[in-house]
Amino acid sequence: MASVRNKVNPLLCNIPYVLTWPRFGFRTICSGRLGFAPSASPSLADTDTPVAGKKVLETFSEEFEIGSRKITLETGKIARFANGSVVLAMEETKVLSTVASSKGDAVRDFLPLTVDYQEKQFAQGVIPTTYMRREGAPKERELLCGRLIDRPIRPLFPSGFYHEVQVMASVLSSDGKQDPDIMTANAASAALMLSDIPWGGPIGVIRIGRISGQFVVNPSMDELRSCPLIKVFILDVMQLSISDLNLVYACTRDKTLMMDVQAREISEKDLEAALRLAHPEAVKYLDPQIRLAAKAGKQKKEYKLSMVSEKTFEKIENLAKEPIEAVFTDPTYGKFERGEALEKITQDIKRALEEEGDDEGLKILPKTVDTVRKQVVRRRIISEGIRVDGRRLDEVRPLYCEAGNLPVLHGSALFSRGDTQVLCTVTLGAPGDAQRLDSLVGPSSKRFMLHYCFPPFCTNEVGKRTGLNRREVGHGTLAEKALLAVLPPEDDFPYAVRINSEVMASDGSTSMATNANLMLAVYLVAAGSMALMDAGIPLREHVAGLSVGLISEVDPSTGEIKDYRILTDILGLEDHLGDMDFKIAGTRNGITAIQLDIKPAGIPLDIICETLHPALKGRLQILEHMEREISAPRIQDDKYSPRLVTLKYSNDTLRRLIGPVGALKRKIEDETGARMSVSDGTLTIVAKNQLVMEKVQEKVDFIIGREIEIGGVYKGIVVSVKEYGAFVEFNGGQQGLLHISELSHETVSRVSDVVSVGQQLSLMCIGQDVRGNIKLSLKATQPRPKSKTDISIDEPVAPTSQEVNVWTAIEDVSNEQEKQGATAGPETNDSTSKSATPAVLIRSAAKCDEEEKSDVLNSKGDNGSQSASKSDKKTRIPSSLSESGLSSRNAKKSKRGKDAILDLISDDDNATSETPMSANKLKLGMKVTAKVHQIRAHGLVLDLGCGIQGMYRFEPGAKRDFEVGDELRVKCSSFSTKGIPVLSLVK
């Protein structure tokens, strides 16, 4: 007050204290009331100094108890300038609801009611984790709680009240024991009662749970922790749940206003019992609000209502009634035909009013025509029991179901009923793909998500895509809750699941977009259930839903319903012109989700309970069609089905995989497209198919390794190259030796010809040496070369079916057999070779490996020949090799080539050959002329002619300066273990 005095008149500064308000014991004015406040006489030293008065805030409160919970309503202390404000407290949780309205006259034809609910992190003593460290756009839960407040209070505003009203609800403090949603709804009702806004309240909102078969009023969060509604944001519905029902019920003293249910297949009988209990418990909220309004409430203000005069209404009704009846009583008219006809009728009436100059009629024309249409449709349903499209009251529209229409996706389904069509797709992900939640109560994440989209093209209209739509969020959540009850628990199905629901066609329109969205929620349930089955998710049951409507006739004098009709599977138009949209979803065993919205100021509970039976009857018809399309989880195709692997590691190992600030983990996810989530000692990998999963596991094994097993194949990188081999780093940092002999099935002269530093290889662990070093093999992972009939070391000759080089034994060969072998030569066929003298095929190293399992191993069958060869100190092969050699199957099983070695000893050391060399002429000790074919580091590859090649090893101190093409005189001194002739120089 002193500051005000200074601004108005400087002389007022010198007013003595004895003349001020505090001197007389008056306190400052608060809330429009003047009262006395205790004051003490100031000392002489304070008489010249202005003293601030003590402000006393006058508060009013009401205390009561519902369901063993003490509840307090308080006003006057916080938000005193709002039209109405109430703080509601339940234990240590406190919420504030305020209401305000615009002051100007309404120039619209609808009620612009806005409800904003907000949860700020200060309510639980936490600083937000966002970049700006403050709350951002409304979250899903905030939108859902705002709808929970909006739905019961909207029908109670008087008809024609089109002034802008805003209700704001926020959480002041939360102990985590109580959900603030129903608390803010009751506080909003009390704030409207205190305000001067005309409203037909109060209302009461209650929550009912069921624990061990017993209903509980106002259950705590701990009691509801495992209930599907509280776990609406999480995939698993735990087996050891406490409450299997979460019912939110709002009502006036004698009528129902709103209902929101989620349960695990509760029967219609049990649900009716819960509703009968909820109504009297919710009514207990009404009297405390009335008493509080009597203490501190404002007198209701006279607001201007937008009403249509009787004269104008009758004029428009006379012009529109007959043409509207002709259109809306003809079932041959479709959605678009009815809309075009109604638009034509409106334009005809508009021209008539323009000719008369009736400005008032032109302003209210669209609203009045809609009212006339409403009367025509409702009167026909009440009197004749026939609906707009010609169906009976309990008849369900024709259905079309298709599952798996998009085979590349994890799961998909198309569901049509009437003119409305919904496409649902399912995507599976890792547990880390779950949505993070930042709410005051409930779980911190949800792994099951259903996102719903209502694009403008589905009604053949033009529009734009906007952000998060609270209608789409609300009805997508209804379908999400309905499906949660049948999903498998987390232990059996650890995937994160996202359902994307796109409306492809709708029988609603932009003018009644709310009604179209309301009904589409039940379409999402059926399409989502089939899509989940198509994705291979083991659902317990199919879930279906439908909307039930109500057309009532009210007595104008009493306001009571005197006649009514219940409609099964309502159209968008019937919802728009009707009194109720009762969406019920469930299985054959019971109800899983319900959402009730009404338009009049309440509907008797008896009528609500009566609608449960026709809803069950229609739901069973829909379930039959769905089960005929897909009745069990589909077995997924390996090409597109996702893969999930859970691996156990130590925390130190997982830290190595994650890398600095998660860099390695993100790199793997970016390169492969898979998703990895890390928890305490567990790594979970989810890939979209098996190929991606193998790539991820290879990268993980390379970083952190796995247990090394002999015969296991590992990815490695060459870190150094030596003369004797290469060192390879693999399996998370371990090193092994890749010896030169394990590089290839062919002879390798230099390691660098095959591998280089930095090269990535797939290697097999073949054991450990005496020092414990790991031995690796590259050739063990490679297929063996194909069978060849010609000898070749570095440049194999392609096999031909006509050239088989055979080398015949020296002794114990009859003249007839020698003649037969000589004449056969390279053209020996199968029958000849089998009957010929035992022979050995002169082969390349690769050929030797493939044909080790030849009939040579069956030499024990020819005992007589072996006995003779032993006495002569000569070895003989008891059977020949066929032209085609052994099969590749036997070649793969061969492990050693020593069994196929024939050490021939010749008595004639001076044998020479000046004729062209052939396979059956080469003998031990035979001297031949050969040409240098290739020069190696440790010897020569010599060409003996006729495609036969041998090898010569450099001798210590001997000549080494040879050139390709030099002719040398050599002698066959032995054969290698793979049948290759070993030659020595003839001095």
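- Under the annotation held in an unreviewed UniProt entry, the protein chain carries the name Polyribonucleotide nucleotidyltransferase 2, mitochondrial and is attributed to Anisodus tanguticus.
- Per UniProt, the protein chain has the following entry under Subcellular location (unreviewed entry): "Mitochondrion".

Topic: the overall build of the protein chain
Inference 1: Secondary structure assignment for the protein chain yields 22 helices and 36 strands.
Inference 2: Counting over 987 residues, the protein chain shows a buried share of 49%.
Inference 3: In the protein chain, the proportion of contacts linking residues at least 24 apart, taken out of those at least 6 apart, comes to 69%.
Inference 4: Only carbon and sulfur atoms are counted for the fraction: they give 51% of the accessible area of the protein chain, which is about 47500 Å².

Thoughts on the packing of helix α2 (residues 140-153) against helix α10 (residues 470-484)
Inference 1: At a minimum axis distance of 9 Å, the contact between α2 and α10 shows a crossing angle of 90 degrees. Overall, the two elements α2 and α10 adopt an arrangement that is roughly perpendicular. In this structure, α2 uses Glu140, Leu143, Leu144 and Arg147 to contact α10, whose residues at the interface are Arg470, Arg471, Val473, Gly474, His475 and Thr477.
Inference 2: Tallied by class, the residues present in the contact of α2 with α10 amount to three nonpolar, three polar and four charged.

Structural notes on the sheet that holds strand β29 (residues 774-777)
Inference 1: The sheet built from five strands closes into a barrel, its strands ordered β25-β26-β27-β29-β28 with mixed pairing. The mean angle between the axes of side-by-side strands here comes to 55 degrees, regardless of whether they run parallel or antiparallel.
Inference 2: In this sheet, strand β27 (residues 734-739) lies alongside strand β26 (residues 725-730) in antiparallel orientation, the contact comprising six bridges. Counterpart to Glu729 in the pairing with β27 is Gln735.

Notes on the side chain of Asn689
Inference 1: Examined against the element boundaries, Asn689 turns out to sit in the loop between β24 (682-687) and α17 (690-704).
Inference 2: Residue Asn689 is classed as buried on the basis of its relative accessible area of 16%.
Inference 3: A polar contact is formed between the side chain of Asn689 and the backbone nitrogen of Val692, at a distance of 2.9 Å.

Details of the nonpolar core
Inference 1: Within the largest apolar cluster, 137 residues are counted, with the highest numbers of intra-cluster contacts made by Leu247, Leu532, Ile537 and Phe582.
Inference 2: The biggest single contributor to this core is helix α11 (residues 513-534), with 12 residues.
Inference 3: Counting residues in each nonpolar core, the second largest holds 24 residues, with Ile364, Val369, Ile382 and Val388 among its members.

Some points on unusual backbone geometry
Inference 1: Pro202 follows Gly201 through a cis peptide bond whose omega is 5 degrees.
Inference 2: Along the polypeptide, Pro202 turns up in the loop between α3 (180-194) and β7 (204-211).
Inference 3: The residue Val661 is not glycine, and still its phi comes out positive at about 55 degrees.
Inference 4: Counting through the fold element by element, Val661 comes out in the loop between α15 (651-658) and α16 (663-672).

Here we look at the pairing of strand β21 (residues 591-598)
Inference 1: In terms of burial, β21 is a largely internal element, eight of the eight residues being buried.
Inference 2: Direction of pairing for strand β10 (residues 256-266) relative to β21: antiparallel, over a ladder of six bridges. Bridging from a neighbouring strand, Val261 pairs with Ile594 of β21.
Inference 3: Linking strand β20 (residues 580-586) back to β21 in an antiparallel pair, the connection comprises four residues.

Focus: the packing of α15 against α16
Inference 1: Packing of α15 against α16 leaves a shortest axis separation of 5 Å and a crossing angle of 60 degrees. For the element pair α15 / α16, the angle class is oblique. Contacts between α15 and α16 involve Arg656, Leu657 and Ile658 from the former and Ala663, Leu664, Lys665 and Ile668 from the latter.
Inference 2: Tallied by class, residues from the contact of α15 with α16 come to five nonpolar, no polar and two charged.

Focus: the packing of aromatic side chains
Inference 1: By the definition in use, this model includes nine aromatic pairs.
Inference 2: Aromatic pair Phe161 and Tyr303: ring centres 5.3 Å apart, planes at 85 degrees, arrangement edge-to-face. Of this pair, Phe161 sits in the loop between α2 and β6 (165-173) while Tyr303 is found in the loop between α5 (286-296) and α6 (310-328), placing the two residues 142 residues apart along the sequence.
Inference 3: Judged by its relative accessible area of 1%, Phe161 falls in the buried class.
Inference 4: With a relative accessible area of 12%, Tyr303 lands in the buried category.
Inference 5: Residues Phe493 and Tyr495 carry aromatic rings whose centres are separated by 4.8 Å and whose planes lie at 45 degrees to one another, so their mutual orientation is tilted. Side by side, Phe493 and Tyr495 carry an identical accessibility label, which is buried.
Inference 6: Grouping aromatic residues by their ring pairs yields a cluster made of Phe157, Phe161 and Tyr303.
Inference 7: Stacked on the ring of Tyr303, the Lys or Arg Lys301 has its end atom at 5.4 Å from the ring centre.

Some words on the sheet that holds β21
Inference 1: Read from one edge to the other, the open sheet built from eight strands follows the order β8-β7-β9-β10-β21-β20-β18-β19, with strand pairing classed as antiparallel. Every interior strand has two partners, whereas the edge strands, β8 (214-217) and β19 (561-568), have only one. Between one strand axis and the next, the sheet turns by 15 degrees as a mean value, whatever way the strands run.
Inference 2: In this sheet, β19 lies alongside strand β18 (residues 544-554) in antiparallel orientation, the contact comprising seven bridges. Pairing of Val554 across the sheet is with Ile561, part of β19.
Inference 3: Along the sheet, helix α4 (residues 268-283) contacts β7, β8, β9 (243-251), β10 and β21; its crossing angle with β9, the most-contacted strand, is approximately 50 degrees.

With respect to the confidence of the model for the protein chain
Inference 1: The pLDDT averaged across the protein chain works out to 78; a share of 77% of its residues lies at or above 70.
Inference 2: Low pLDDT, under 50, characterises residues 226-241; the stretch is placed with 62 contacts to residues that sit more than four places away or in other chains.
Inference 3: Confidence drops under a pLDDT of 50 for residues 510-516, and excluding neighbours within four residues, the segment shows 15 contacts in the predicted structure.

Overview of the pairing of strand β32 (residues 927-935)
Inference 1: Judged from the five bridges that link them, β32 and strand β35 (residues 967-975) form a sheet pairing that is antiparallel. Within the sheet, the bridge partner assigned to Ala930 lies in β35 and is Leu968.
Inference 2: Bridge count between β32 and strand β33 (residues 939-945): four bridges; the pairing is antiparallel. From the neighbouring strand, Gln934 faces β33, where its bridge partner is Val941.
Inference 3: Here β32 hands over to β33 after three residues, the two strands then running antiparallel side by side.

Some words on the side chain of Glu742
Inference 1: Considering the arrangement of structural elements, one finds Glu742 in the loop between β27 and β28 (760-768).
Inference 2: In this structure Glu742 is buried but unpaired, with Lys779 as the nearest side chain of opposite charge at 4.3 Å.
Inference 3: Each residue touching Glu742, except ones within four places of it in the same chain, is listed here: Ile766, Leu776, Ser777, Leu778 and Lys779.

Details of the environment of Gly67
Inference 1: Residue placement: Gly67 occurs in the loop between β1 (60-66) and β2 (69-75).
Inference 2: With 140 residues separating them along the chain, Gly67 and Arg207 place their C-alpha atoms 9.8 Å apart.

Basis of the calculations
- Along each chain, numbering runs from 1 in the same order as the chain's sequence is written.
- Whole-chain, interface and lining totals are the exception, using all residues; otherwise, since this is a predicted model, local features are given only for residues with pLDDT of at least 70 and side-chain atom pairs are given and counted only at 80 or more.
- Excluding hydrogens and water, the side-chain values take into account all heavy atoms of the structure.
- UniProt positions are given in the numbering used here, feature names are shortened, and annotations may be inferred rather than shown by experiment.
- Runs of E in the DSSP output that reach at least two residues are strands. Runs of H or I that reach at least four are helices, and both are numbered from the N terminus.
- Three exposure classes are used, based on accessible area relative to the maximum for each residue type with a 1.4 Å probe and protein chains only: buried under 20%, partly exposed in between, and exposed over 50%.
- Contacts between residues were defined by any pair of non-hydrogen atoms, one from each residue, lying within 4.5 Å.
- Every accessible area reported is derived by Shrake-Rupley at a probe size of 1.4 Å, with residue values counting cover from the shown protein chains alone.
- To get an axis, a line is fitted to the C-alpha atoms, and for a helix only the part in contact is used. The angle between two axes follows their N-to-C directions and goes from 0 to 180 degrees.
- Our angle categories are set so that under 35 degrees counts as roughly parallel, over 145 as roughly antiparallel, 65 to 115 as roughly perpendicular, and the remainder as oblique.
- For this classification, Asp, Glu, Lys and Arg are treated as charged, while Ala, Val, Leu, Ile, Met, Phe, Trp, Tyr, Cys and Pro are nonpolar and the rest, including Gly, are polar.
- We treat two strands as partners when DSSP finds at least two bridges between them.
- In protein, a polar contact means a hydrogen-donor-capable atom and an acceptor-capable atom, both N or O and within 3.5 Å, with residues adjacent in sequence counting only if both atoms are side-chain atoms; elsewhere, any N or O pair within 3.5 Å suffices.
- The nonpolar core is taken to be a set of buried Ala, Val, Leu, Ile, Met, Phe, Trp, Tyr and Cys residues, with the residues joined through side-chain atoms within 4.5 Å.
- Centre distance within 6.5 Å is the pairing criterion for rings of Phe, Tyr and Trp, where only the six-membered ring of Trp is used; planes under 30 degrees apart are then read as stacked, over 60 as edge-to-face, and the remainder as tilted.
- For a ring to carry a charge above it, either NZ of a lysine or CZ of an arginine must fall within 6 Å of the ring centroid while also lying within 35 degrees of the normal to the ring plane.
- Confidence per residue, as judged by the predictor, is encoded in pLDDT with a range of 0 to 100.
- Here Asp and Glu are counted as negative and Lys and Arg as positive; His is not counted, and neither are the chain ends.
- Salt bridges are defined by distance alone: a side-chain nitrogen of Lys or Arg within 4 Å of a carboxyl oxygen of Asp or Glu.

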